[in-house]
Amino acid sequence: MAKDRRKTKSKYTADRQMPGAFEGETVTRRRFMTGTTHVAGIVAASAFALPALGFAIGPVFEKVEVRWEPVGVPDDFDDRTYIPKTITETPGIGEVGKTTVYVRKHNESIDGPQKDEYDGFIAISTRCMHLGCPVRFVPASERFICPCHGGVYDFQGKRTGGPPVRPLDRFYTRIRNGKVEIGPRYSVNSELKRFSPRYPGEPLDGIGQYLYPSRPTARKLPPPQS
Ligand code: FES
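Residues numbered from 1 in each chain as written. Predicted model: local features only at pLDDT ≥ 70, side-chain atom pairs only at ≥ 80, totals over all residues. Heavy atoms only, no water.

### Some details on the pattern of salt bridges
Part 1 of the argument: All told, the structure shown has ten salt bridges when counted by the stated rule.
Part 2 of the argument: Put simply, R104 and D111 hold a salt bridge, and the shortest N to O gap is 2.8 Å.
Part 3 of the argument: Classification of R104 by relative accessible area gives buried; the value is 0%.
Part 4 of the argument: Given a relative accessible area of 18%, D111 falls into the buried group.
Part 5 of the argument: Close ionic contact of R166 with D169 constitutes a salt bridge, the shortest N to O distance being 3.2 Å. (Salt bridge = Lys/Arg side-chain N within 4 Å of Asp/Glu carboxyl O. Buried < 20%, exposed > 50% of the residue type's maximum accessible area, 1.4 Å probe, protein only.)

### A short note on the side chain of Q156
Part 1 of the argument: Mapped onto the fold, Q156 is located in the loop between β7 (152-153) and β8 (159-161).
Part 2 of the argument: Beyond its immediate chain neighbours, meaning those up to four positions away, Q156 contacts Y82, R104, I110, D111, I124, R170 and L192. (Helix = DSSP H or I, 4+ residues; strand = E, 2+ residues; numbered from the N terminus. Contact = heavy atoms within 4.5 Å.)

### Let's talk about the state of the cysteines
Part 1 of the argument: This model, assessed by the stated rule, comprises one disulfide.
Part 2 of the argument: Each sulfur of the disulfide joining C133 and C148 lies 1.9 Å from the other. An S-S torsion of about -90° defines the bridge between C133 and C148 as left-handed. Placement of the pair is C133 in the loop between β4 (121-125) and β5 (136-138) and C148 in the loop between β6 (143-145) and β7, with a sequence separation of 15 residues.
Part 3 of the argument: With relative accessibility at 18%, the residue C133 sits in the buried group. (Disulfide = S-S within 2.5 Å.)

Here is the structure:
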């Protein structure tokens, strides 16, 4: 019986007495227009959403090369003061990709025991951890000073005054072929514990490390390989 009923069901909307049906139609105009509007809406939404999604998650799949750049021989550096060196942090964009790094030898009486082979030299970033202005090391006071809003950091780059939210970032260092090399940047909390790079203004103490996870655009790098 059920088979017979299916057989007799017409494909024409008029035969099925659908509202808005016209003779000879298999789809009502109302249903056709509704479907067309939905498809147009999906296409329009995709035009906005897909590029945004691509920009957001694209960097996750980007292969980031770990670069090491020689800045001199070990005897060029002292453990009581910093020597400024220029390195290329972002290759391929000319002078804009260069940055100044303050480098000195590890000093056990100040820094404690060396953590690992990447800690034999201390390389401090000049980017202020308030809003990113370039800081300057002042040898007379053994302080890093930010000219923008009065941020002050001690000899190890820990914040001692002003609005910065954490110590100055650092770079991994190592010795290869008799040269001191500067590697990827990393961030530190107030105990100088290493974290993957964060932006200025993002604290790393307490729940700050969870509130401000490292983003791909902050150049999250794999641990350096020896
Ligand atoms: S940017 Fe350095 S204190 Fe504001």
